[in-house]
Amino acid sequence: MHSETAETFEVFPWNKNLETGIEIIDEQHRQLVILLNRLAAHLADKSCEVTLQGVFQELAAYVDYHFQTEEQIWAAHFVGDPWFAAHQHMHHGFVHQVSSWQRAGDNNKSLDEIISDLLGFLTHWLAYHILDSDRRMAKVVQALQNGLPMDAAKQYAEHEMSGAMKVLIDTVLGMYDSLSSRTLELLRERTERRRAEEALRASEERWRFVLDGAGDGVWDWNMASGEVYRSTEGPTILALLSGDTVGCSKIHPDDLGRLRLALQQHLDGDSDCFVNEHRVIHGNGTWSWVLTRGRVMVRDAEGKPLRMIGTHSDITERELAVMFFQNTSEGMVVLDRDQRVITVNPAFRAISGFEPAAVVGHDFFMLCSLGDGGLPANDRICFDEAGFWSGELELSGADGQRTPIFLELSTVSNPDGSPNYHIGLLRDLSSQKSHEAMIWRQTNFDALTGLPNRFMIADRLTQHLLALPAHAGRLLALLILDLDRLRDVNTVYGRARGDEVIQQLARRLQASLGASATLGRLGGDEFVIVLPEVTDLEQLERHALDILAQFETPFQMGDESFFLGASLGVTIAPTDASDAESLFRHAEQAMYRAKELGSNRHAYYAAFMQQGAQIRTRLANELRQALQAGQLVVHYQPIIDLCSGAIVKAEALLRWQHPEFGAVSPATFIPIAEECGVIVDIGDWVFREAVSQAASWREQVPGFQISINMSPRQFQSDDAPLPEDPHGWFAFVDSLPRLGDMVVVEITEGIMMADQPKIMAAMQAMRQHGFSISLDDFGTGFSSLSYLQRYPIDFIKIDRSFVQHLDEGSSQLALCEAMIVMAHKLGIRVVAEGIETEQQSALLRAAGCDFGQGFLYSRAVDRDAFSDLLQRPAVAAQRH
C-alpha cells in the first residue's frame, strides 16, 4: 500500500486567465482545480483504491456544491431565461456522465482504468466549464450590473466570447486534453522510477542492517577477471584460498585442504552452495573461527562458473560457546520463560542420565522435586529482581536416584528488560558430599568400631547436660572404661587381632546397654558410656556391674580364648559437675582409682580424687628425689613351703614413706615411676638392697631365695640388643659369696610379649648366672601355656584372683589343680599368692601346690621384722 500523500502534480495549472471576475465562483473554480490535480497525482502515484475513492468522492461532492452556488447566483439574474435552463441542463449532464463512469466498475473495469478515463473527461469538462460556460454567464451578469438590459447583455457576452477568444478557448481546450494525458504518463514513469529507487535503497538498507548486525563481510568474485569486491577490510576469498599470509591473517593449515575441497565441489556443480567453517590465524597469534558461504550466480553456456557471491561470518563466539557447552564438565540447561527445558549439554546427560528428548519441553524444577511452583517464594522473588540465583538442590535422575547438585541460574533478558530465557549451570556434588560425609564421620566417629569418638561424645554429652534441668530428679552418668593388657594382645598376635578384640568388646557393650545410652571409643583401649536417664544410684550400680560382667566371658581369637580385665570410672551430673570437660576429667580420675583396686573393678568419682590427681602429679616430681632422700625402703613378704610350713623364700616389695603423705601405695607410685622412667634406677637399687639382705638370711636358712619383681621398662633398650649385663647385676651377684641360686626374678607375661628374641636372650643370660625365673599372675593371660614351653621358667605364681574364692568343689579349685599338675609335668614349681584362710591353704596343699604366699602367713614387713619371722617355728610363721 502506497502513502496517502502523493507527490504534488498539476495536470490542470491555474492562472488568472481562468478567472470570471465573480469572486466566489473563481474561488470554487480554484478549489475544483486543486481537487482535480490531487486526483491526478494519486492516480499517477498508483494510490490504493480507498484513497482514490476518497479523493474522487470529495471532488464529486465539491462539484455538486459548486453547482448549487452557481445556480443561486445565476437564478438571481436569469429568471425564466433559456440560458439558465441550458446551464442547469449542462450541470445535470455532468452528474449523469460521472454516475455512468462510476457504474463502469460493474463491467469488470478496474478503478484505475475508470479514474484514468474519468480524469480525461473531468479535465476537458472543467476547462470548458471555466473558460467558456461560466465565463459567458459571468459576462452577462457583469453587463447587467453595468445597466444593460438582458438582450444587450447577452449580445455583449456573445461578442466577447467570439472571434479570437473562441479560437483561444478551443486551442486551450485541445492543449489541456493532450497535456493532461502526456503529463500523467510522464508522472507515472517518474513515480515508477522513484519507487524502484526507493525499493532498491530500502533493500540495500535492509541488507546492510542484516549484514552489519550479523558482522558478516560480503564478497563478490568475478571469476573471469579475478577481481573480488569485498565489503570489509578483511582478507578476500582468493587470499585465504592461497594459504599465504595476507594482512597478517591466514587459514589454519589443518583447515585449508578441507576448505579447498568444499569450494571445488561447488564450482564443479556437486553442491547447491559452498559452506565451510575454518580457523583464521592472525598476526598477533590469536585465532578466530570463520563461516564462509557462497554460491555461483553466473555460469557460461558450458557450465563454467563466471561469478560467485558469498559472505564471511566471524563465528568465534558461537564456536567457543558451542565448545564450552559441549565439553564443559558442568551440566548446562537452557530454559524458556516458563522454566521448560529447551536444551541440555552432554555433562547434564552424564549427571542426570536423561537423554535430551526425555527432558526437552518439561518443567526443569519438576526434575529437582520442587513442583510446579519452581523455586521457593523468597528465592523466586530474589531471582526475579536480580536475575540470578544459586543454591543446592537434588536432581531426580533417570534411574530414580537423587543427585545433589549446586545450581547457578541466570536470566538472559530482552532489550526491554523482560526475561527471554534462563541458563542454568549445575555441578554434581555427589563426590563432594561423600567426601564431606567421610570427613564428618572421621571427625565424629571411631574408624575401627564405628562408635562416636571423643568429639561426638562431648557434643552429645553437652546436649544432654543442657536438657538435664528440664527433668527434675534425673541424673546423668559418664563412665570411662579402660581395657587391661590390650598392648600385650597387640604384641603377641599383632595389631589386627588386637583390633578384633576391640570390635568384640564394642559389640558386647552395645548389646548390654539400653537404647538411651551412648557408647563411644576414646581411642586405644578406652571406651566411654553416657547414661542420660539415670533415676537413682542403685540403677547406676547395676549398669556398672553389667558392663564389667562382659569380661567374665573369654574373648575368642581363632582357636584360642583368653580373659581380659577392665577398670571402670563413674561420675555423675549434676552432682560431680555440670560441664562435659569436668565430667571427662572426673570419670578418668575414678577409672584410675578403680585400677588401684584391682582388675575388673569400678569406682565412683569423689572430690578427693581431684586432690589425688594433683598429688600424683606432685609425686611424679618428688619420686626422683625419694631414693636419694632415703624415703624408699624394701619390705619382705614370706613365701611358705606348704608341706613344712617353713619360710623358704621372700618377695621384695618396695615401699615409699613420704614425709608429708606418709606411706604411699605401690599401686600409686610404681606406675608413676614407670611413666617417668625412674623405675630403672629404683629397680637397680631394690635389686642390690634385697640381694644383699637375702645373702645374710641365706646363712640362717640354707637354700633361701629372694624374689625380685622386674619391670618391663628394665628390659627396654630402644632398638639395640640388651647388653650382656645391662644393669651390672651379674657382676654384683658374683661379688657376693655363696649365693648359688638365691635370686628369683619375677616377670609378667607382658615382658615376654614385648620383644621375644631380646627377652629370650636376657632370660638365658640370667639362667647362666644362677638366677631363677618366676612367671607372675599366671592364669590371667591368654597364652601362658605356650610360654611355659618356650621360655626357661622355674616357677609360676597362681594369681590371687583364682585363690580368693577357692572352695571345695569350686571351678577355681579345678583350675588351680589343673595348673599345678601341668606345671609339675613340665618340671615347674608352683607358688599360690593371696592365701588368706586356712581352708585355702589346706586345699592348695592337698592339690600339690609347692609354696604359698599371703596375709594368712604375714604381710610384707621390714627387714628387722622379717629376721624375727625367720627365728620363729614354722607353725608360728603361718599364724603371723
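Predicted model, so just to flag it, every value in this text is computed and none were measured.

Draft legend 1. Layout of the sheet that holds strand S12 (residues 475–483). Pairing in this open sheet of 5 strands is mixed, and the strands run S13-S14-S12-S17-S18 from one edge to the other. The open sheet has two free edges, formed respectively by strand S13 (518–523) and strand S18 (601–604), since each of these has just one partner strand. Taking each pair of neighbouring strands and ignoring which way they run, the sheet shows an average axis angle of 20°. Alignment of S13 against strand S14 (residues 526–534), held across 5 bridges, turns out to be antiparallel. Residue pairing across strands places Gly 520 opposite Val 528, the latter belonging to S14. Packed on one face of the sheet, helix H15 (residues 454–467) meets S12, S13, S14 and strand S17 (566–573) and runs near 140° to S13. Sitting on the sheet, helix H17 (residues 495–512) touches S12, S13 and S14, and the angle it makes with S12 is about 155°.

Draft legend 2. Looking closely at the pattern of salt bridges. Taken as a whole and judged by the stated rule, the model has 26 salt bridges. Taking the shortest distance from any N to any O, the salt bridge between Arg 521 and Asp 446 comes out at 3.1 Å. Pair noted here: Arg 521 is in strand S13 and Asp 446 is in the loop between helix H14 (430–444) and H15, with a separation of 75 residues, a long-range link. Taking relative accessible area as the criterion, Arg 521 reaches 10% and is therefore assigned buried.

Draft legend 3. Expanded view of the environment of Glu 808. Inspection of the secondary structure assignment puts Glu 808 in the loop between helix H27 (800–803) and helix H28 (811–825). Taking C-alpha positions, Glu 808 is 9.2 Å from Gln 840, a pair spaced 32 residues apart along the chain. Those residues within four positions of Glu 808 in sequence are excluded, and the remaining contacts are Leu 813, Gln 839 and Leu 843.

Draft legend 4. Expanded view of the sheet that holds strand S9 (residues 388–396). An order of S8-S7-S11-S10-S9 is seen for the 5 strands of this open sheet, with the pairing classed as antiparallel. Each having just a single partner strand, strand S8 (341–344) and S9 make up the two edges of the open sheet. Neighbouring strand axes in the sheet, compared pairwise and without regard to direction, differ in orientation by 25° on average. Bridge analysis of strand S7 (residues 331–336) against S8 gives 3 bridges, and the strand direction is antiparallel.

Draft legend 5. Broad picture of the side chain of Thr 403. With respect to the helices and strands, Thr 403 occurs in strand S10 (residues 402–413). In this structure Thr 403 comes out as buried when scored by relative accessible area, which is 13%. Beyond its immediate sequence surroundings of up to four residues, Thr 403 is in contact with Ile 351, Leu 393, Glu 394, Leu 395, Asp 428 and Ser 430.

Draft legend 6. View of the environment of Leu 806. Position of Leu 806 relative to the elements: it lies in the loop between H27 and H28. When the C-alpha positions of Leu 806 and Ser 841 are compared, they lie 9.6 Å apart, and in sequence the two are 35 residues distant. Every residue in contact with Leu 806, bar those within four places of it in the chain, is listed here: Gln 812, Leu 813, Cys 816, Gln 839, Gln 840, Leu 843 and Leu 844.

Draft legend 7. Layout of the packing of helix H22 (residues 679–700) against helix H30 (residues 863–871). Remark: H22 packs on H30, axes separated minimally by 11 Å, with the N-to-C direction vectors making an angle of 20°. Considering their axes alone, H22 and H30 lie roughly parallel with respect to each other. For the pair H22 and H30, the crossing hand works out as right-handed. The segment H22 lies against H30, with Glu 689, Gln 693, Trp 697 and Gln 700 engaging Arg 863, Phe 866, Ser 867, Leu 870 and Gln 871. For the contact of H22 with H30, the per-class residue count stands at 3 nonpolar, 4 polar and 2 charged.

Draft legend 8. Up close: the pairing of S7. With 6 of 6 residues buried, S7 lies mostly within the body of the structure. In this sheet, strand S11 (residues 419–428) lies alongside S7 in antiparallel orientation, the contact comprising 6 bridges. Among the inter-strand pairings, Met 332 is bridged to a residue of S11, identified as Leu 425. Between S7 and S8, which pair antiparallel one after the other, the connecting turn spans 4 residues, and Gln 339 there sits at a positive phi close to 70°.

The rules behind these values
Residues numbered from 1 in each chain as written. Predicted model: local features only at pLDDT ≥ 70, side-chain atom pairs only at ≥ 80, totals over all residues. Heavy atoms only, no water. Pairing = 2+ DSSP bridges. Helix = DSSP H or I, 4+ residues; strand = E, 2+ residues; numbered from the N terminus. Axes fitted to C-alpha atoms, helices over the stretch in contact; angles between N-to-C directions. Contact = heavy atoms within 4.5 Å. Salt bridge = Lys/Arg side-chain N within 4 Å of Asp/Glu carboxyl O. Buried < 20%, exposed > 50% of the residue type's maximum accessible area, 1.4 Å probe, protein only. Parallel < 35°, antiparallel > 145°, perpendicular 65-115°, else oblique. Left-handed = near helix turned anticlockwise from the far one by under 90°. Nonpolar A, V, L, I, M, F, W, Y, C, P; charged D, E, K, R; others polar.

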